[in-house]
Amino acid sequence: MAVVALTSARGAPGVTTAALAMAMLWPRPVVLVEADVAGSSSILAGYLRGTIPPDRGLVSLAVAHRRGVLDEKFYDQTIALIENRVRLVPGLVNAQQAASMDKLWSPLSIVLANLERTGTDVIVDAGRLGMRHGPMPLLRSADAVLLVTRTTLPAVSSARARVNLLREDLVELGQGDDTLAMLLIGEGQPYRAREIHSALSVPVLASVAWDQAASDSLSVGAAYGRRFAAAPLFRSTRVVIGAVHELIDRHRTRLAPAAESLMEEHTYG
């Protein structure tokens, strides 16, 4: 595994909730990066209910990059969500800080990719596509790019308006469009995976259950009962994680012959 990026074509389809749920259930140590340039860390203000000050995160990483110490200072700008197994890079405090990210995204993508060598994976909450100063370099370098959408007609229509541009960008500047798949929120409300695949011509990876109570526990820190781990949201997220592993395995299998050929050219000149 390595880097998984979640994004959306319109506002509030469940990207942050899905990314947080995936991070909490991830089988290896993982860093969750809030890269949504809309501003305000949803996890600090929501799941953590403002109990941790917004004094670490992306802006400080941008400063570290300017000083040439991004690698050394990376973990200093994370906070522990679940001991040291799940760590968070908090997002921007406000949208005015977004312009300072332009020079950070590409070097940050290299730092994130290199975390795999230490046994750590990365989940990126990339926010909405098309935002000015957005984190496109993080999507281009990701091993899996999940376009998150509800299954309503307006949501699917918005995804269709964006998905071809995203696919072309991944082919021309990224790792290829085989990293791209749809992640549905609430399949069958009203459209199902087969219908959405037909409309968008993009594989549907899996679906996260529409589970308002469990979602509220992640998005606003609401209390949940003792059967938290058995909630539909988390049961479906475990399926998503398995599907992500399979997507990345297929992608890397495709890249392997090209990598071997390049190595042979370098060896034999």
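Up top you'll find the structure we're talking about.
Cut-off values and rules
- Residues numbered from 1 in each chain as written.
- Predicted model: local features only at pLDDT ≥ 70, side-chain atom pairs only at ≥ 80, totals over all residues.
- Heavy atoms only, no water.
- Patch = residues over 30% accessible without salt bridge, like charges linked within 9 Å, V, L, I, M, F, W, Y side chains within 5 Å.
- Areas by Shrake-Rupley, 256 points an atom, 1.4 Å probe, with all protein chains shown as cover.
- Salt bridge = Lys/Arg side-chain N within 4 Å of Asp/Glu carboxyl O.
- Lys, Arg positive; Asp, Glu negative; His and termini not counted.
- Charge placed at Lys NZ, Arg CZ, Asp CG, Glu CD.
- Buried < 20%, exposed > 50% of the residue type's maximum accessible area, 1.4 Å probe, protein only.
- Core = buried A, V, L, I, M, F, W, Y, C linked by side-chain atoms within 4.5 Å.
- Contact = heavy atoms within 4.5 Å.
- Helix = DSSP H or I, 4+ residues; strand = E, 2+ residues; numbered from the N terminus.
- Expected span 1.5 Å × (residues − 1).
- Bend = angle between axes of the 7 residues up to and from the residue.
- Arc of directions from axis to C-beta.

1. So, a positive patch on the surface
Step number 1: Judged by side-chain charge, Arg66, Arg67, Lys73 and Lys103 come together as a positively charged surface patch.
Step number 2: Accessibility expressed as a relative area gives 60% for Arg66, which makes it exposed.

2. Here's the deal with the nonpolar core
Step number 1: Core analysis: the biggest nonpolar cluster contains 44 residues, and Val33, Leu58, Phe74, Leu108, Leu112 and Val124 have the highest contact counts within it.
Step number 2: Setting aside residues up to four positions removed in sequence, Leu108 forms contacts with Leu58, Leu61, Leu70, Phe74 and Leu138.
Step number 3: If you look at the next biggest cluster of nonpolar residues, it comprises 41 residues, including Ala19, Ile123, Ala214 and Ile241.

3. Considering helix H7 (residues 153-173)
Step number 1: For H7, which comprises 21 residues, the first-to-last C-alpha distance of 30 Å matches the rise-based estimate of 30 Å (1.5 Å per residue) to within 8%.
Step number 2: Along its length, H7 reaches its greatest deviation from straightness, about 35°, at Arg162.
Step number 3: Among all positions in H7, only Ala155, Val156, Ala159, Val163, Leu166, Arg167, Asp169 and Leu170 are buried.
Step number 4: For H7, the elements touching its buried residues are helix H6 (136-141), strand E6 (144-150), strand E7 (180-185) and helix H8 (193-200).

4. Topic: H8
Step number 1: Taken together, the buried positions of H8 are occupied by Ala193, Ile196 and Leu200. The buried residues of H8 all sit within an arc of 65° when viewed along its axis, so they share a single face. Pointing more than 90 degrees away from the buried face of H8 are the exposed residues Arg194 and Ser198.
Step number 2: Of the surrounding elements, those touching the buried residues of H8 are H7, E7 and strand E8 (204-208).
Step number 3: Within two residues after H8, Ser201 carries a phi angle of roughly 55°, on the positive side.

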